[in-house]
Amino acid sequence: MTWKLTQNKDWQSLERQFSWVADMKNVVQHKTHHAEGNVAIHTQMVLDELLKMPRYQTLSEQEQEILWAAALMHDIEKCSTSQDEGNGNISANGHARRGEYTARNILFKDIPTPFHIREKVVSLVRFHGLPLWLMEKLEPAKKIHAVSLRANTRHLRMLAEADARGRICEDAGALIESLDLFEMFCKDEGCWDKALEFPTASARYEYFNTIDGYIGYVPYDDFKCEVTLLSGLPGMGKDHYIQSLKPDMPVISLDAIRRKYKYSPADRSATGRVVQEAKEQARVYLRKKQDFVWNATNITRLMRQQLVDLFTLYGAKVKIVYVEKPYDVWRNQNRNREFQLSGDILDKMLQKLEIPQLPEAHEVEYIVEK
């Protein structure tokens, strides 16, 4: 069965269904780059351009729906990021990044969407402008290699082309030319219409996480131990996952440390002390070359990166396990927990959620309940 964001796709219907669509007409844009007017006008033009694109017509029905949803949502956070710089000059720096979080929240909470489809949509939203500016990045090859593990580069080019054609501006020709260069670059780099392939998981990790990493290098696996780093919002079932592991597997739990010292989960001032004690426990296992589990939310990449850096310093193989259940199931599980959190706290954490990606560790596993 094909997932669809909505059955009714005429603009007036979309405005009635979704407040975030209705709000687009109130968001002005840069007079030079978007002479057509507000975000609502631009988004309608982008959708029109996408639908008449020959490449779009060759896609499967599900692929078309994913791209259409991404096009509808691609500028969803211009409403919060737009800054009036005077004389009709409007900047919206960071709108794609923030748009990823908002799109994920909507497709998880408001419009329940299968995990693999949701993450394709939000990844397209996040990187919709990249094809236009890739060559200005510090390391364009490594950047597009990483993006190819999340988003189909061919689909990304289609969305960027619809975005470029769905506006009135003086540099339209230059924008399309940059997209042609993007396509050629992806083909040269072996990641056009597919994820970049690596001979081993360790080769992938080394490439993305070492300064001198390069394509083709295959490190010799000589891991001292394996650390399982759990990731997921509170109440998603991380403890249940641990029960499926060997009964004698050591577990470092930040919640257990908090309860040991009777720290409130809302007491952020205690977080540093809790993490420090947990890291000391981890170092003991790492020195002993013993496998263990790190049990905490780890919902942002920065949180995870700090831990992965510590574990790999001791020669550990790191496996990130992300756990997720549907929104309603998650909230019900939280209400039934012995140490439940308020709904406001959970929703604030949801807004910050960054799904673990393959470059972050030697292995990434997604345990997602449908």
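Residues numbered from 1 in each chain as written. Predicted model: local features only at pLDDT ≥ 70, side-chain atom pairs only at ≥ 80, totals over all residues. Heavy atoms only, no water.

### A few points about the packing of aromatic side chains
Taken as a whole and judged by the stated rule, the model has 15 aromatic pairs. Pairing Y322 with Y366 gives two aromatic rings, centres 6.5 Å apart and planes at 70°, and the pair type is edge-to-face. Taken together, the residues span a long stretch of sequence, with Y322 in strand β6 (residues 316–324) and Y366 in strand β7 (residues 363–368) at a distance of 44 residues. A relative accessible area of 0% means that Y322 is categorised as buried. Taken together, Y285, F292, W294 and F311 form an aromatic cluster joined through their ring pairs. (Phe/Tyr/Trp six-rings, centres within 6.5 Å; stacked < 30°, edge-to-face > 60°. Helix = DSSP H or I, 4+ residues; strand = E, 2+ residues; numbered from the N terminus. Buried < 20%, exposed > 50% of the residue type's maximum accessible area, 1.4 Å probe, protein only.)

### A short note on the pattern of salt bridges
Scanning the entire structure with this criterion turns up 27 salt bridges. Residue E100 pairs with R126 through a salt bridge whose shortest N-O separation is 3.7 Å. Within this pair, whereas E100 is found in helix α7 (residues 95–110), its partner R126 is found in helix α8 (residues 115–126), the two being separated by 26 residues in sequence. Classification of E100 by relative accessible area gives buried; the value is 7%. We note a salt bridge from K187 to E183, for which the minimum N-O separation is 2.9 Å. Placement of both K187 and E183 in helix α12 (residues 172–188) is noted, with a separation of four residues, approximately one turn of the helix. Judged by its relative accessible area of 47%, K187 is partly exposed. E183 gets classed as buried once you look at its relative accessible area, which sits at 9%. (Salt bridge = Lys/Arg side-chain N within 4 Å of Asp/Glu carboxyl O.)

### Remarks on the environment of D344
Tracing the chain through its elements places D344 in helix α19 (residues 343–352). The exposure class assigned to D344 is exposed, which follows from its relative accessible area of 59%.

### Describing the packing of helix α3 (residues 39–51) against helix α5 (residues 61–73)
Contact geometry of α3 with α5 gives a least axis separation of 9 Å together with a crossing angle of 160°. Considered as vectors, α3 and α5 are oriented roughly antiparallel to each other. Crossing geometry of α3 relative to α5 is assigned as right-handed. Contacts between α3 and α5 involve T43, V46, L47, L50 and L51 on the former and, on the latter, L67, W68, A71 and L72. Across the contact of α3 with α5, the residue classes tally to eight nonpolar, one polar and no charged. (Axes fitted to C-alpha atoms, helices over the stretch in contact; angles between N-to-C directions. Parallel < 35°, antiparallel > 145°, perpendicular 65-115°, else oblique. Left-handed = near helix turned anticlockwise from the far one by under 90°. Contact = heavy atoms within 4.5 Å. Nonpolar A, V, L, I, M, F, W, Y, C, P; charged D, E, K, R; others polar.)

### With respect to the environment of L130
Relative to the assigned elements, L130 resides in helix α9 (residues 130–133). A C-alpha to C-alpha distance of 9.8 Å links L130 and A96, two positions 34 residues apart in sequence. The residues contacting L130, other than those within four sequence positions of it, are K137, K143, I144 and V147.

### A closer look at the sheet that holds strand β5 (residues 292–295)
Within the open sheet, the five strands sit side by side as β4-β5-β3-β6-β7. Their pairing is parallel. If you trace the sheet from one side to the other, it starts and ends with β4 (251–253) and β7, each paired once. Along the sheet, successive strands turn relative to each other by an average axial angle of 20°, direction set aside. The pairing of β4 with β5 spans three bridges and is classified as parallel. Along β5, the bridge assignment pairs V251 with V293. (Pairing = 2+ DSSP bridges.)

### Regarding the UniProt feature "domain: HD" (unreviewed entry) in the chain
According to UniProt, the "domain: HD" (unreviewed entry) feature falls on residues 51–163. Measuring from the first to the last C-alpha atom of residues 51–163 gives 12 Å, for a span that is 65% helix and 4% strand. (UniProt positions renumbered as here; feature names shortened; annotations may be inferred.)

### A look at the pairing of strand β3 (residues 225–231)
Of all seven residues in β3, six are buried; the element is thus mostly enclosed. Sheet topology note: the β3/β6 ladder contains seven bridges and is parallel. Following the sheet pairing, E226 is matched in β6 by K317. Looking at chain direction, β3 and β5 are connected through three bridges and run parallel. Paired with L229 across the strands is W294, a residue of β5.

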